[in-house]
Amino acid sequence: MEIEKISGNILYYLQQKGMAQVDLANGLHTSTHVVNKMVHGKKALKIQELDSIAACLGISLDELINREHHHTEERLEVAQLSEAIGNPETAAFIMTLVSNLSEMETELAAHGLRI
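The structure contained in this document is the topic of the report that follows. This is a predicted model, so every value here is computed, not measured.

## Topic: the overall build of the chain
Along the chain, the regular secondary structure elements total seven helices and zero strands. Moving toward the C terminus, one meets the helices and strands of the chain in the order α-α-α-α-α-α-α. Taken over 115 residues, the chain has a buried fraction of 31%. Restricting to contacts in the chain with at least 6 residues of sequence separation, those with at least 24 account for 61%.

## Digging into the side chain of Ser 7
Locating Ser 7 in the fold gives a position in helix H1 (residues 3–16). A distance of 3.0 Å separates the side chain of Ser 7 from the backbone oxygen of Glu 4, its partner in a polar contact. Apart from residues lying up to four places away in sequence, Ser 7 is in contact with Met 38, Val 39, His 40 and Gly 41.

## Details of the nonpolar core
Within the largest apolar cluster, 20 residues are counted, with the highest numbers of intra-cluster contacts made by Ile 10, Ile 53, Leu 57 and Leu 64. Counting only elements with at least two residues in this core, the list comes to H1, helix H2 (21–28), helix H3 (32–39), helix H4 (47–57) and helix H5 (61–66). It is H1 that provides the largest number of residues to this core, a total of five residues. Non-local contacts of Ile 10, meaning those with residues more than four positions away in its chain, are made with Leu 24, Met 38, Val 39, Leu 45, Ile 53, Leu 57 and Leu 64.

## Some remarks on H2
Residues three or four positions apart in an α-helix share a direction because the helix packs 3.6 residues into each turn. Taken together, the buried positions of H2 are Gln 21, Leu 24, Ala 25 and Leu 28. Take H2 and look down its axis: the buried residues cluster within an arc of 100°, on one side only. Count one or two residues on from H2 and you reach His 29, which has phi positive near 55°.

Rules used in this analysis
Residues numbered from 1 in each chain as written. Predicted model: local features only at pLDDT ≥ 70, side-chain atom pairs only at ≥ 80, totals over all residues. Heavy atoms only, no water. Helix = DSSP H or I, 4+ residues; strand = E, 2+ residues; numbered from the N terminus. Buried < 20%, exposed > 50% of the residue type's maximum accessible area, 1.4 Å probe, protein only. Contact = heavy atoms within 4.5 Å. Polar contact = N/O pair within 3.5 Å; in protein donor to acceptor, adjacent residues only side chain to side chain. Core = buried A, V, L, I, M, F, W, Y, C linked by side-chain atoms within 4.5 Å. Arc of directions from axis to C-beta.

So, in structure tokens, the structure goes:
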């Protein structure tokens, strides 16, 4: 298992579900410090922990560990900013904007255009 991919997926699904790290921490009965280490790839996770994380996020274990989302440095910075402002709805909105911009860039590049 690639810890960076999994930590990125945790962050991705938190944003998609409009959840903050504190929400996941509460669901896992742990501290936000531990969850922060999880989303930044600084904590090795056991399969039981991964199963609990997936359940809290309302996704399958397979989605959590195998699905690959494109996590750019910019997206991680936006997610960290969103966590700092403490508004999951704003965080989800920002992540959608970043995702849409990335998709537009890809589409334009396919036609030889750049933003």
